[in-house]
Amino acid sequence: MAQQRRLPTEDPAGTSRDVGRRTFLGYLLAAPTLAAGVSMAGVALGGGQAEAAVPSLPQPADLFDLGDLQNLAALPTSGLIAVQVNEDGTASFALHRTEVGQGIATAVAMMIAEELDLPLEKVRVTLADARPELMMNQLTGGSNSVRSIYTPVRTAAAIAREQLVRTAAARWNVPAAEITTSNGVLSHGGGRSATYGSLAKAAASPTTVQVSVRLKAAADFTVIGTPRNRLDARDIVTGRKTFGMDLRVPGAKPCMVRRPPTINGTVRSVRNAAAVRAMPGITDVAVITYGVAVRGDTFGQCVDALRALDVVWGPGTVDGESDATVRAKLKAAQLPLAVPPLGALSVEGEFTFAFASNAPLEPDNAIADVRPDRAEIWSTLKVPIDAKQDIARQLGLPQDKVVVHVVTGGGSFGRHLFHNVAAEAAEISQKMGKPVKLSWTRTDDFRQGRTHPMSISRVRATHLLGNVLTYEQRHASTQTDFSHGLGEMITSTAAELPIGGNLSFAEAIFQLTQSVPYNFGVVTQLLNEVPLKFNTGSMRNIYSPNVTCARELMVDKLAAKLGKDPVAFRREFLKDERLRAVMERAVQVGQWGRTLPKGVAQGLGLHAEYRGAVATLVEIDCRPETVNRTIPDAVTGPRVTKATVVVDAGLPINPRGLEAQMIGGLNDAIALALTSSLHMKDGIPLEGSWDNYFYTRQWNTPPEVQVVVMPPTTGNPSGAGELGVAPSFAAVACAYARATGTMPTSFPINHGTLSFEPYPLQPSTPQSPTNGLDSAF
């Protein structure tokens, strides 16, 4: 039976004893049908710590993390969102975050359905266009979307519901407290009822007025916290879901780009532009910032044309750089450790992490229609305000003459924090004077797209009489590009300043995301970045996978040095009780310590971030018969055969979606630990396709995976999209060390072996295959 709901009443003291029942301010917005917005003044932030024999002081991220910063940045404009109730009984919301497969649209629909007492299937969530008035409140990143909009969205929905109740009460001349709501219907004990749609117009406010509302108590939730399928799941599996590459805009013909043989190389001359322009179907050829664009009737014709171009190239930004040269620069840039080595009382380790690709599964694409006095852009953008502002500046147009539509993306891995594909489409359209539908190739994505920086993490810890006295970690990385800032041009420009600039931004991000969850005495974690101009980005979880992997390997090494079981050692030194709880559950469910064959071992990884906590326990098979499996055109190697992931996400909105996020993070982690990386040579990656980039394939995924979602531990959701990567990476690395008896120090472990024949650097796009069936399984 559907639960009915009345207007909330206060306790005798006039206050609510449930934090979830605090009063929030909002607005009834002037609109043709009912629309409600929100004000978020006075939202509190906080954290906690525990004590131990040799306690460690809180690190910055323990007290105020990146998500807290993003929440504060979004707060001033949190009232500029609205839930609209329509005459057909549905509710609409233009989401100011970007859906790239993480399920945010479904989670937001659940929040609205909960507070509106509306069936979930009647909530319509679309993606908002770029809205500069939102300032820093339209950035999708840092696992912050649900965390930052949870209360504002619920408040807007609750205001809409209460206005419907008041409207019905006035129409029926009864007290509002006597009206109940359920499944989109208002009812009164006297026998009257009305659908939300029938009152949507009457409930609309002719002017914008401020109102207050109380949100549902967690104990009354019927939608939030229940496992739900994605609202778009059926469309995805049946092919009806529309992604960027599926869009059709009148006049926007296919467009592709011939690209340089090094990262960010430039064009000196094109020797045969006229001949290529005369090829079948080709309408235009234009030199652009980083290549030569061709526009034609079909993408196949564009491929033929760009391959036929004869281009003289200028230098790129990292010509001559290869894995070895970059590693040498990182070694030279390492910050010194403060505590000298103390012989038998010290434990040290140094770990190298190769470049990794940010390429999404959907090839990068954008549509641009640039006219002399206006422009319209369609693209998957996680920072659309910065994109709109930058593209307007690039085109020489006022911002209000540039419309940027945000499109659902087929994956991101951090790639869509950068809008260079949309900007490139705009540049091409302006130069050709025609609308274009730009598509990058897989090879473009891997060689000229975004990469996660190569890094080296050095760790030294000292111990005495069974206690850890110091823990130092020095992380050296190629520059991570934060030119997207916090979502708008002010902070993105600040990140590009020659003094401070990106390095200062990177240092801030590092300190707001990294912390050691153990009482290891005096703890320091420092970052230094080398300003090499690779096209880098914040691939899922930014610094945490590499930093955490190095840390957890050293925790295992410390445990062995002190003669303790890895789990027992962590129990003794953990200072985070939520992390302790997920570890204990993982140990129980994953059967830590069970008997396994020689060459098969377990590993444990722990990580707390985004106000959430995860423990991953895996089993890996490193026996020769597994490592040497033969699969056509595949990389095999060690296999993770079993994985248990336990997650405390504070208040889980959609446990089923959270489970999917953890499984995705696990597979990312297996790839980073074992098989997938970019090999840099002479200023460009050798990888040119997913065929060359050995992400976790079906034959390397664990046959047994169990995700345990802990019951709510706080009143608010944590970040979750990236939360599972770091502990899973660490768990795989620790398991590999125990299975082989050798601690790995270079990741992925197979990076030293080039397992493919690289595509030629020129032409930049390989010939389209004609033998696809030969490679089908």
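Here's a quick rundown of the structure. Please read these numbers as outputs of a predicted model, since none were measured by experiment.

Quick look at the overall build of the chain now. If you tally the helices and strands in the chain, you get 20 helices and 31 strands. For 777 residues, the compact-globule estimate of 2.2 N^0.38 gives 28 Å, and the chain sits close to it at 27 Å. Taken along its principal axes, the extent of the C-alpha atoms in the chain is 80 × 80 × 55 Å. Once local pairs closer than 6 in sequence are excluded, the contacts in the chain between residues at least 24 apart make up 79%. Computing the positive centroid from 74 side-chain charges and the negative centroid from 71, the chain places the two 2 Å apart.

Across the sheet, 3 strands lie side by side as β6-β7-β8; this open sheet has antiparallel pairing. Of all strands in the sheet, those with a lone pairing partner are β6 (179-182) and β8 (193-195), marking the two edges. If you compare each strand with its neighbour and ignore which way they point, the axes differ by 20 degrees on average. As defined by bridge partners, β6 adjoins strand β7 (residues 185-188) across 4 bridges and the pair is classed as antiparallel. Across the sheet, residue S182 finds its bridge partner in β7, namely V185.

The first and last C-alpha atoms of helix α11 (residues 420-432) sit 18 Å apart over 13 residues, in line with the 18 Å expected at 1.5 Å per residue. Judged by how many residues are buried, α11 sits mostly within the fold: 10 of 13 residues are covered. Every buried residue of α11 is accounted for by V421, A422, A423, E424, A425, A426, E427, I428, S429 and M432. Once α11 finishes, G433 follows within two positions and takes phi at roughly 70 degrees, a positive value.

A word on the pairing of strand β26 (residues 612-621). Consecutive side chains of a regular strand alternate in pointing toward one face of the sheet and then the other. The element β26 is largely enclosed, with a buried count of 10 among its 10 residues. Residues G612, V614, T616, V618 and I620 line one face of β26 and the alternating positions A613, A615, L617, E619 and D621 line the opposite face, and both faces are buried. In terms of strand pairing, strand β25 (residues 600-609) meets β26 through 10 bridges, oriented antiparallel. Note on β26: the bridge partner recorded for H607 is V614. Where β25 folds back on β26, the antiparallel hairpin that results is connected by 2 residues, among which Y610 adopts a positive phi of roughly 60 degrees. Strand direction decides the pairing type here: β26 and strand β27 (residues 639-648), joined by 9 bridges, are antiparallel. Bridging across to β27, E619 finds its partner in K642.

With that out of the way, let us pick up the packing of helix α3 (residues 104-116) against helix α4 (residues 145-172). Relative to each other, α3 and α4 sit at 35 degrees, their axes nearing to 8 Å. In terms of crossing hand, the pair formed by α3 and α4 is right-handed. Facing I104, A107, V108, M111, I112, E115 and L116 of α3, the residues of α4 in contact are S145, V146, I149, Y150, V153, R154, A157, A158, A160 and R161. In the contact of α3 with α4, the residues fall into 13 nonpolar, 1 polar and 3 charged.

With that settled, consider the pattern of salt bridges. Counted according to the given criterion, the structure contains 44 salt bridges. With its nearest N and O atoms 3.0 Å apart, the salt bridge here joins R415 to D364. Of the two residues, R415 is situated in the loop between β19 (402-406) and α11 and D364 in the loop between β16 (356-357) and β17 (365-371); the sequence distance between them amounts to 51 residues. With respect to burial, R415 and D364 carry one shared label: buried. The shortest N-O distance in the salt bridge between R570 and D556 comes to 2.8 Å.

This part is about helix α16 (residues 566-573). Of all the positions in α16, only P566, V567, F569, R570 and F573 are classed as buried. Down the axis of α16, the buried side of the element spans an arc of 160 degrees, and every buried residue falls inside it. Where α16 is buried, its residues contact β23 (467-478), α15 (544-561), α17 (577-589), β25 and α20 (725-740). One side-chain oxygen at the N-terminal end of α16 lies 2.9 Å from the backbone nitrogen of V567; it belongs to D565.

Attention now moves to the sheet that holds strand β20 (residues 436-439). Strand order in the open sheet made by the 7 strands is β12-β13-β10-β20-β17-β18-β19, with mixed pairing throughout. Edge positions in the sheet fall to β12 (282-288) and β19, since each of these pairs with one other strand and no more. Within the sheet, the average angular offset between the axes of one strand and its neighbour, ignoring direction, is 20 degrees. Relative to β20, β17 runs antiparallel, the two sharing 4 bridges. Within the sheet, the bridge partner assigned to I367 lies in β20 and is K437. Along the sheet face, helix α8 (residues 299-308) touches β10 (253-258), β12, β13 (291-296) and β20 and points at about 25 degrees away from the line of β10. Its contacts with the sheet place α11 against β10, β12, β13, β17, β18 (374-379) and β20, and it is angled at close to 40 degrees to β17.

Within the largest apolar cluster, 81 residues are counted, with the highest numbers of intra-cluster contacts made by F520 and I620. Apart from residues no more than four positions distant in its own chain, F520 is found in contact with V54, S56, V468, L469, T470, Y471, V555, L558, F569 and F573. In terms of nonpolar packing, the next biggest core, distinct from the first, is built from 55 residues, A160, L164, V223 and I653 among them.

Turning to the packing of α15 against α20, a few remarks are in order. Contact pair α15 / α20: the axes reach a minimum separation of 8 Å and the direction vectors enclose 40 degrees. Taken together, α15 and α20 sit at an angle that is classed as oblique. Seen from above, α15 lies across α20 with right-handed handedness. Touching S544, P545, N546, T548, C549, E552, L553 and D556 of α15 are V725, A726, F729, A730, A733, C734, A737 and R738, all from α20. A class-by-class count of the residues in the contact of α15 with α20 yields 10 nonpolar, 3 polar and 3 charged.

What follows is about a nonpolar patch on the surface. Side chains of L342, L345, L464, L465 and L469 sit close together on the surface and give an oily, nonpolar patch of about 460 Å² of accessible area. Its location among the elements puts L345 in the loop between α9 (323-333) and β15 (346-353). Overall, the relative accessible area of 34% leaves L345 in the partly exposed class.

Quick look at the side chain of D284 now. Looking at the secondary structure, you find D284 in strand β12. A distance of 2.8 Å separates the side chain of D284 from the side chain of K434, its partner in a polar contact. Once residues lying within four places of it in the same chain are set aside, the contact partners of D284 are A293, V294, R295, M432 and K434.

Rules used in this analysis
Residues numbered from 1 in each chain as written. Predicted model: local features only at pLDDT ≥ 70, side-chain atom pairs only at ≥ 80, totals over all residues. Heavy atoms only, no water. Helix = DSSP H or I, 4+ residues; strand = E, 2+ residues; numbered from the N terminus. Rg over C-alpha atoms; globule rule 2.2 N^0.38 Å. Contact = heavy atoms within 4.5 Å. Lys, Arg positive; Asp, Glu negative; His and termini not counted. Charge placed at Lys NZ, Arg CZ, Asp CG, Glu CD. Pairing = 2+ DSSP bridges. Axes fitted to C-alpha atoms, helices over the stretch in contact; angles between N-to-C directions. Expected span 1.5 Å × (residues − 1). Buried < 20%, exposed > 50% of the residue type's maximum accessible area, 1.4 Å probe, protein only. Left-handed = near helix turned anticlockwise from the far one by under 90°. Nonpolar A, V, L, I, M, F, W, Y, C, P; charged D, E, K, R; others polar. Salt bridge = Lys/Arg side-chain N within 4 Å of Asp/Glu carboxyl O. Arc of directions from axis to C-beta. Polar contact = N/O pair within 3.5 Å; in protein donor to acceptor, adjacent residues only side chain to side chain. Core = buried A, V, L, I, M, F, W, Y, C linked by side-chain atoms within 4.5 Å. Parallel < 35°, antiparallel > 145°, perpendicular 65-115°, else oblique. Patch = residues over 30% accessible without salt bridge, like charges linked within 9 Å, V, L, I, M, F, W, Y side chains within 5 Å. Areas by Shrake-Rupley, 256 points an atom, 1.4 Å probe, with all protein chains shown as cover.

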